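Residues per chain, in single letters:
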Amino acid sequence: MKSIFTSSEWPVLKIYDKEHIGKIALPLGGIGTGTVSFCGNGSLKHWELCNMPGKNFVPRLGEFNHGTSFFAIRTQGEKSGILSRGLEGPMELYEYEGARGSTALNHGLARFRNCEFHAAYPFGQVLLSDPEMPVKVRIKAFNPLIPGDVERSSFPAAVICFEVENLSMERLDVSVCGTVPNFIGEENSPDPLPHSKDGFTGAKGNQNRLFSGKVLQGVVMEAPELPEKCRHKGDMFLGVPTAEKNSSFRTSWKWGAWNQSGLDFWDDFNEDGLLEERKCSGDKPSASVAVKRVVESGKSAEFVYILAWRFPNRKSWNKRVGKDGEFLDDESCQSRFDVGNWYAERFSNSTEAAEELYSCLKELEADTISFVNAFCESDIPEVVKEAALFNLSTLCTETCFRTADGKFYGWEGCGDTFGSCHGNCTHVWNYEHSLPFLFSEIARDHRKTEFLYMTGDAGNMSFRVGLPLNVNARIWSTVAADGQMGCIMKIYREWQISGDDSFLKKLWPDVRKAMEFCWVKGGWDADRDGIMEGCQHNTMDVEYYGPNPQMGFWYLGALKCTYLMAEYLQEHDFASECRRLYENGRKMIDDELFNGEYYEHCIMAPGKNAYITPELLLRGKYPENLENPDFQLGAGCLIDQLVGQLTAHVLDLGDLSDSEKHRKTLKNIVKYNSRNNFYGHCNTMRSFVLGDELALLMASFPHGNRPEVPFPYFTEVMTGFEYVVAVHMLYEGMTEEGLKIISNIRSRYDGRKRSPFDEAECGHHYARAMAAYGAVTAFTGFHYSGVEKTMKMKNQNGTYFWASGNAWGTCAINDGKVKLNVLSGNLELKSFELTGRGNVSFKTPVNIGKNETKAFSCS
């Protein structure tokens, strides 16, 4: 059968040997659709399809070797005879021992001895070989991911291809078989939340049936006895192309005690490489699909499988939990509400999704390869590409979802069996820099939610959004100073990138109110001096009292963005006031908070009449100690004290205050917060680094004066914050130092200790880690304004990837000569600048379409 793929070679950015594959789990699935993970040894785990996380959840085949879903291969030759293997590499040594033998999934499978994992997200490849086998196998798995095209990047499906090469001197009969238990309804948590039941009965009375469609054939897995509104209700499909004429199926395995079912399967498969149907009265029948081919000596054959799913009943955020850990069953219980899944509106069942994906697979694969090749071939450091590209996988995990109306939402991360920290948390999502450049549609959707739904009449923005929007948008009343200021900066960013004036004008009234909220009586900047003194809730999950750099630079950035937007909209008086505060604040932050080495927090005890408005701002209570509040930063050297300035660089806003002080601060953050090992480090919170790993602490107190009770996370390490320092250093030309920080992070996510596709903080796949994409814009100097129709790049020879939200491509620079290539979308330009060298202005605006190139010189 002719290959369905456009390329026999997929991009490879990183290779992991068999000593570094044990923790690899590459998420397969579309944006906001749920996921199953492709592991370093070729197996599948973390089945997270049913609207909740499910780390380490795998559908099991009853008593069969404690097994789960698996693929297997059988070869038969005249000389070599019949040989069978599970299509998996070796187990990890720690899995060898257990009370009843090995604890590994599928531990009883015969398996390949040699294994490597090749990755360039979303492409994952497992290379299997064994001296006893006459074939070697390359397992290729991916899901479409195409910047600027959210819908084509959102299929609830995974493509898995087994490329089998005949190494022998004879022709071989080769069969590949995939098996998935119908686990629909099986709870992925040993202690399911009460609200997850919805009449839930477990996996009971599940049924499988054969399917033969226009382009695919296979087995559909359903659960007719589950209640219609249960979040587990749905269907799955495992199939192969209809062009595979020598295919066979099982809708169930034989039931039998003492593992008769497993023995029967292997006897059946080994006999001729085909399957015979079996009848099973169990509640969780297993679906198996096999394909048999003849492969000539020295030739290869592809065995393509599509795994697809549809689980439409997404509930809202988890229930709120009271102070004693009890579940609160009142109007604030978000999970009472059905919010649905957008992908389930697109596709009426899993087979429809699978067939549409397969019908356009060549184009989807080609466009995804085009993106990944352009990105991976860019002349920027490998570790920058790895950090930025691999963290994009977060978009396709249970951290993110799209409700039935198509709107995008994100947890902060996801726990093992529950979402972690709900509500598009503003002060966490402030840090991510991937969406505006790669999927600007989603970024603009975030801004609409924040300003049209989360912002109250007084301009107070809830830093978490409730669902459904028309019922609960502002049920979470807490306001975060850093979150709100960052959202103001980001709406400026989205407007600039898109050039959409109507977008800005629609949201502007609420943007203005959000800025004016800073000046309310008792508020963050009640005295209007350009620096926040008030009670400032922030991403450290506490309130700071008094001026501090973290909120100070966010505020300066928001003020600058606001006066620029106001001037554009001809609201000159408001623009003038914001500019006055900005100019005064940028002087005050340097004069009053810079200690000669870095910026400090000047704690201002709130007292009874100080800057705090409980009914508008926070929790409705004063701190217990009015004169010496707990959880302050004080004299600490904070890792992300300049995060607002970094965001200003990404937005091409320039320096918010003295750049020399910023550079000195960055050097001293590294000087004081770096640790070359953690053997001697006492951490009172969570440990994301251990042993001889290198990292930057959240804060240090190099000159003493540590508050008795500092903010809670000061002894921790979290990658999103480390990226803030690293990316800022790249913007400041401190390249070697910035790259070292990124290299230290990625060395910790090496496949042996941690998955390269799961940078955790408060949950797996943490959104803040997508700050890593900022290193791409920093290294290339890329900036695009859709308002001015201008583009900038650094004056450095090489070829570089760029993305402007709805278009992307490459830019080749050679001594001032530029070749601007658009690989997708449409780019409109009035001028182009090589920073530090010169620019070119076009007499009339140019439109560069897909696969078009514009050549010119800058001088």
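Refer to the structure printed above.
What this report covers is the structure whose coordinates are included nearby.

**Let's talk about the packing of helix H8 (residues 440-453) against helix H11 (residues 501-516)**
A pair of packed helices can be characterised by two numbers: the angle between their axes and the separation between those axes. Where H8 contacts H11, the axes come no closer than 9 Å and their chain directions differ by 45°. When the interaxial angle is binned, H8 and H11 end up oblique. The hand of the H8/H11 crossing is left-handed. Here Arg444, Arg447, Lys448, Phe451 and Leu452 of H8 come into contact with H11, specifically with Phe503, Lys506, Leu507, Asp510, Val511 and Ala514. Looking at the contact of H8 with H11 residue by residue, the class counts come to six nonpolar, no polar and five charged.

**Here's the deal with the sheet that holds strand S17 (residues 300-310)**
A sheet is described by the order of its strands in space; here nine strands give the open sequence S1-S7-S8-S9-S10-S17-S14-S13-S12, paired in antiparallel fashion. Bordering the open sheet on either side are strand S1 (14-16) and strand S12 (207-212), each of which pairs with just one other strand. For this sheet, the mean angle separating the axes of adjacent strands, direction not counted, is 15°. The pairing of S1 with strand S7 (residues 114-120) spans three bridges and is antiparallel. Following the sheet pairing, Lys14 is matched in S7 by Ala119.

**Re the sheet that holds strand S3 (residues 35-39)**
The sheet built from three strands is open, its strands ordered S2-S3-S4 with antiparallel pairing. Each edge of the open sheet carries a strand with a single partner, namely strand S2 (25-28) and strand S4 (44-48). Pairs of neighbouring strands in the sheet enclose a mean axial angle of 25°, with direction left out of account. One ladder, built from four bridges, connects S2 with S3; its direction is antiparallel. Opposite Pro27, over in S3, you have Ser37 as the bridge partner.

**Digging into the pairing of strand S14 (residues 235-241)**
Counted residue by residue, S14 has seven buried out of seven residues, so it is predominantly covered. In terms of strand pairing, strand S13 (residues 216-222) meets S14 through seven bridges, oriented antiparallel. The residue bridging Glu222 from the neighbouring strand is Asp235, located in S14. Where S14 and S17 come together, five bridges link them in antiparallel fashion. Opposite Met236, over in S17, you have Trp309 as the bridge partner.

So, how was this worked out
Residues numbered from 1 in each chain as written. Predicted model: local features only at pLDDT ≥ 70, side-chain atom pairs only at ≥ 80, totals over all residues. Heavy atoms only, no water. Axes fitted to C-alpha atoms, helices over the stretch in contact; angles between N-to-C directions. Helix = DSSP H or I, 4+ residues; strand = E, 2+ residues; numbered from the N terminus. Parallel < 35°, antiparallel > 145°, perpendicular 65-115°, else oblique. Left-handed = near helix turned anticlockwise from the far one by under 90°. Contact = heavy atoms within 4.5 Å. Nonpolar A, V, L, I, M, F, W, Y, C, P; charged D, E, K, R; others polar. Pairing = 2+ DSSP bridges. Buried < 20%, exposed > 50% of the residue type's maximum accessible area, 1.4 Å probe, protein only.

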